[in-house]
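Overview (structure and organization)
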Amino acid sequence: MLKEIKYIFIAFFIILIGFLPFYLTSSEKSNTKFHLVKLDITNLEPVVGKEGGTLKRTLSGDPKTLNPVMAQETSSTAVIGPLFNGLTKINEKTLLPEPDLAERWEVDKTGTVWKFYLRDAKWFDGKPVTADDVVFTYNQIYYNDSIPSSSRDVLTVEGKPFKVRKIDDKTVEFVLPKPFAVFLNAVGQPILPKHILEKAVKEGKFTSTWTVDTDPKEIVGTGPYRLVKYQQGQFVLYERNPYYWEKDQKGQQLPYILKIQSQIIKDPDVSLVKFLAGESDVYSVRPSDLPKLAENSKRGDFTVYNLGATPSTTFIVFNQNPNSPIPKYKLQWFQNEKFRQAISYAVDRVGIINMVYNGLAYPIYTAVTPAERRLFDENYYPKYPYDLKKAKDILLSIGFKEGKDGFLYDSQGHKLSFTLITNAGNKEREAIGNIIKEDLKKIGIEVNFQGLDFNNLVSKLMSTYDFEAVIIGLTGSMDPYFGQNVWLSSGHMHMWYPKQKKPATDWEAKVDKLFNKAAVELDPVKRDNLYKEAFKIIGEKQPMIFIAAPEEMVAVKNKLKNVFPTVWGWYKGEYVFTQ
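Points about the overall build of the protein chain
- When its secondary structure is counted, the protein chain shows 15 helices and 28 strands.
- Since a compact globule built from 579 residues should have a radius of gyration of about 25 Å, the 24 Å found for the protein chain is in line with a globular shape.
- The dimensions of the protein chain, computed from C-alpha atoms along their principal axes, are 75 × 60 × 45 Å.
- Out of the 579 residues in the protein chain, the part that is buried amounts to 60%.
- Accessible surface, the protein chain as shown: approximately 22800 Å² in total, 49% of it carbon and sulfur.
- Put simply, the protein chain has 76 plus and 68 minus side-chain charges, and the middle of one group is 1 Å from the middle of the other.

Some points on the side chain of aspartate 40
- Note on placement: aspartate 40 falls in the loop between strand 2 (35–38) and strand 3 (54–59).
- Buried charged residue aspartate 40 carries no salt bridge. Nearest counter-charge: lysine 93, at 8.0 Å.

Looking at helix 10 (residues 388–397)
- Of all the residues in helix 10, the buried ones are Leu388, Ala391, Lys392, Ile394 and Leu395. All buried residues of helix 10 project into a common sector of 155° when viewed along the axis, lining one side. Counted as exposed and oriented over 90 degrees from the buried face of helix 10: Lys389 and Ser397.
- Residues of helix 10 that are buried make contact with helix 8 (337–345), strand 19 (401–402), strand 20 (408–409) and helix 11 (427–442).
- Near the N-terminus of helix 10, the side chain that reaches the backbone nitrogen of lysine 389, with its oxygen 3.3 Å away, is that of aspartate 387.
- Glycine 399 sits one or two positions beyond helix 10 and adopts a positive phi of about 110°.

Let's talk about the side chain of arginine 340
- You can see arginine 340 is positioned in helix 8.
- One buried charged side chain, arginine 340, makes no salt bridge at all; its nearest oppositely charged neighbour is glutamate 337, positioned 5.3 Å away.
- There is a polar contact of 2.9 Å between the side chain of arginine 340 and the backbone oxygen of lysine 541.
- Other than its neighbours up to four places away in sequence, arginine 340 contacts Gln320, Phe334, Gln335, Trp507, Lys541, Gln542, Pro543 and Ile545.

Things to note about the pattern of salt bridges
- Following the criterion strictly, the structure yields 32 salt bridges and no others.
- Of the charged contacts in the structure, one is a salt bridge between glutamate 45 and lysine 93, with a shortest N-O distance of 2.7 Å. Residue glutamate 45 is located in the loop between strand 2 and strand 3, and its partner lysine 93 is located in the loop between strand 4 (88–90) and strand 5 (97–99); the two are separated by 48 residues in the primary sequence.
- Overall, glutamate 45 belongs to the partly exposed group, its relative accessible area being 42%.
- Counted as one network, the salt bridges with shared partners bring together Asp267, Asp269, Arg286, Asp289 and Lys427.

What about the sheet that holds strand 13 (residues 235–240)?
- Taken together, the four strands give an open sheet; going across it, the order is 3-14-13-12, and neighbouring strands pair in mixed fashion. Strand pairing shows two members of the sheet lacking a second neighbour, strand 3 and strand 12 (225–231), which therefore form its edges. Strand-to-strand twist in this sheet, taken as the mean axis angle between neighbours without regard to direction, amounts to 20°.
- Pairing between strand 13 and strand 14 (residues 259–264): five bridges, direction antiparallel. Looking at strand 14, one finds that glutamate 239 is bridged to lysine 259.

Considering the environment of tryptophan 105
- Its location among the elements puts tryptophan 105 in strand 6 (residues 102–107).
- On a C-alpha basis, the gap between tryptophan 105 and leucine 87 in space is 9.7 Å, while along the polypeptide they are 18 residues apart.
- Not counting residues within four places of it along the chain, the set of residues in contact with tryptophan 105 comprises Thr88, Glu98, Pro99, Trp114, Lys115, Phe116, Tyr117 and Leu184.

A look at the sheet that holds strand 10 (residues 163–168)
- Spatially, 6-7-11-10 is the arrangement adopted by the four strands of the open sheet, whose pairing is antiparallel. The open sheet terminates on both sides in strands that have one partner only, identified here as strand 6 and strand 10. The sheet shows a mean angle of 25° between the axes of neighbouring strands, taken without regard to direction.
- Summarising the sheet, strand 7 (residues 113–118) and strand 11 (residues 171–175) pair through five bridges and their orientation is antiparallel. What sits directly across from phenylalanine 116, in strand 11, is valine 172.
- Its contacts with the sheet put helix 2 (residues 131–142) on strand 7, strand 10 and strand 11, and the angle it makes with strand 10 is roughly 170°.

A short note on helix 14 (residues 506–519)
- The terminal C-alpha atoms of helix 14, which comprises 14 residues, lie 20 Å apart, in line with the 20 Å expected from a rise of 1.5 Å per residue.
- Turning to helix 14, its buried residues are Trp507, Glu508, Val511, Asp512, Leu514, Phe515, Ala518 and Ala519. Down the axis of helix 14, the sector holding all buried residues measures 165°, keeping them to one side. Those residues of helix 14 that are exposed and angled more than 90 degrees off the buried face are Asp506 and Lys513.
- Looking at the buried residues of helix 14, the elements they touch are helix 8, helix 13 (484–487) and helix 15 (524–541).

A short note on the confidence of the model for the protein chain
- Scored by pLDDT, the protein chain has a mean of 90; 94% of the residues are at 70 or more.
- Contacts from residues 1–33, a stretch scored under 50 in pLDDT, to residues over four places away or in other chains number 152 contacts.

The rules behind the values
Residues numbered from 1 in each chain as written. Predicted model: local features only at pLDDT ≥ 70, side-chain atom pairs only at ≥ 80, totals over all residues. Heavy atoms only, no water. Helix = DSSP H or I, 4+ residues; strand = E, 2+ residues; numbered from the N terminus. Rg over C-alpha atoms; globule rule 2.2 N^0.38 Å. Buried < 20%, exposed > 50% of the residue type's maximum accessible area, 1.4 Å probe, protein only. Areas by Shrake-Rupley, 256 points an atom, 1.4 Å probe, with all protein chains shown as cover. Lys, Arg positive; Asp, Glu negative; His and termini not counted. Charge placed at Lys NZ, Arg CZ, Asp CG, Glu CD. Salt bridge = Lys/Arg side-chain N within 4 Å of Asp/Glu carboxyl O. Arc of directions from axis to C-beta. Contact = heavy atoms within 4.5 Å. Polar contact = N/O pair within 3.5 Å; in protein donor to acceptor, adjacent residues only side chain to side chain. Pairing = 2+ DSSP bridges. Axes fitted to C-alpha atoms, helices over the stretch in contact; angles between N-to-C directions. Expected span 1.5 Å × (residues − 1). pLDDT = per-residue confidence, 0-100.

What follows is the structure in structure tokens.
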């Protein structure tokens, strides 16, 4: 899902890579004699810091693009995040929208006409941000049918776009088809410079603009940092945007940190070594890392925060796209909901959580995790407890037969075999894949499990559709609406069969209807009930076989101050400074 871009620390929250505020500072010892700190930011605010210093971090992979509109994976958004702003942004403490490029707004009595008043912001090249940039971004990019963008999935009401027009240089009017519950969240999408990009749009070249080969000086945004250098496979360098508008209580410019150095390290084990050696300041912790961190904890130069349940999910997706190159007989398997339910019963979620996540995760059966307190209900959604016998019985009931070799075969004599892929180097997903492979073999299913380079995997998933099954993950979002690019049948990230011209199944049509109805429902209880009904259907049909929602942990060097990590991003990240 497209998550609100959160500047410096987006790398630690997963969009399509396995992907993101809790009690007054306290700590408790685990059996490794190691402190995990739970942080409640409710009553915490940053202190006045000092300018200077460099933040050292690591990135898990190279970006596929430097164009924020074209980015669909965190390998890209992790690099692009610090460069752009929307009209609004989300406050990680309140989870409510607050001003960003717009310093204020007003709405009429109907709830359909909004006026945004822009602050005196500048682009990286010193030119002022104006209403023309906002109108250009929406009308010529987000609402441009020739530009494929996941953002458009969340910028419509019942399929209709907003009407966006300039009132004056600093005022923009949005007219909505009808009142829209999460409109202020929706307009957090990046605003782009008309004077830089209009020519590319008019010439039909926008989708190939700002590629990874672009000179960083040509990437023009408004964010707290600007890109200085990108060396493929090695590093990304940033420097503070001298025109950034935000200041602290004493008038010092933010962000406090002047530079960011990001090494590109695909192997998390190497990233851990770099962190412990002092070559990075922040590290996204895996459960398997805790013993190693415990061994080094005596130095006392870092703190590990357990942020609790995250909205991030890990799951299996079978390809149901009739336009894909997979064999038609396999397509028939994957399109059968009973086949998918059988596989779901064969997934040992509790075993995976204990073996792979060291118990630091939650079993899930639909796209709702304990982090989404409004929607989470253990007794409401269907469950598929581990039961290999039941899984095999379901497969036999839909026409598969056991061969002499112990494997199952369909009615046409095809062996029940498929290729399962995931991103190479992700130890958790590799372990999950091997566990699933062995369990499915017990019921007569042959799984060819492979690890692929992440960007290659994303291309197969989102572009060529040349895959059979994949273990992948998504970040959640603060409101289900922002997952429309996944859940609507027309969505660009409707992974099992994206960009449908009309719903392929009756149940997908029903989910579409529920999401569209929820988008304009202003009563929060009624909205939540509509979303719960939709996710119940998704749980029944199992288009994505959800496995686990891991707890989020992050290790931070103690030299960093004003550190307020949450599962939704870092609160007041621009205020982080080095001691």
